[in-house]
Amino acid sequence: MSATSSDLVKLATVYISLKESRRTLRGRCPFHRDAGESLMISPEKNIFKCFGCGKEGGPAEFKLAMEQLIKS
Ligand SMILES: [Zn+2]
């Protein structure tokens, strides 16, 4: 398994900046107009969830959503 495609934190930091907050990382969600930091990433579980738009998943979902965002 390659680290670049399977590590969600590494993947996400290509697009957004993340702040450490206890056991999770928080950042501005790239998938909706985010005024705060609604996106949460759990490095432990390798998943993300946005409390603003409800998007969630793992590295594959993040990458796919990001690609769709860039295309549109
Ligand atoms: Zn969002």
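Residues numbered from 1 in each chain as written. Predicted model: local features only at pLDDT ≥ 70, side-chain atom pairs only at ≥ 80, totals over all residues. Heavy atoms only, no water.

An unreviewed UniProt entry lists the protein chain under the name CHC2 zinc finger domain-containing protein, from Mucilaginibacter aquariorum.

Participant: Honestly, the environment of Y15 in this entry has me stumped. Any pointers?
Facilitator: Relative to the helices and strands, Y15 is located in the loop between α2 (8-13) and β1 (18-21). Spatially, the C-alpha atoms of Y15 and C29 are 9.9 Å apart, while their sequence positions differ by 14 residues. When near neighbours in sequence (up to four residues on either side) are disregarded, Y15 contacts F62, M66 and I70. (Helix = DSSP H or I, 4+ residues; strand = E, 2+ residues; numbered from the N terminus. Contact = heavy atoms within 4.5 Å.)

Participant: Would you mind showing me how to read the pattern of salt bridges here?
Facilitator: For side chains bearing opposite charge, pairing can occur when the charged atoms are close. Applying the stated rule across the entire model yields three salt bridges. Two residues, E37 and K19, come together in a salt bridge whose shortest N-O distance is 3.2 Å. With E37 in the loop between β2 (24-27) and β3 (39-42) and K19 in strand β1, this pair connects stretches of sequence that are 18 residues apart. The class of E37 is partly exposed, set by a relative accessible area of 30%. With its nearest N and O atoms 3.7 Å apart, the salt bridge here joins K49 to E56. The partly exposed category is assigned to K49, whose relative accessible area is 29%. (Salt bridge = Lys/Arg side-chain N within 4 Å of Asp/Glu carboxyl O. Buried < 20%, exposed > 50% of the residue type's maximum accessible area, 1.4 Å probe, protein only.)

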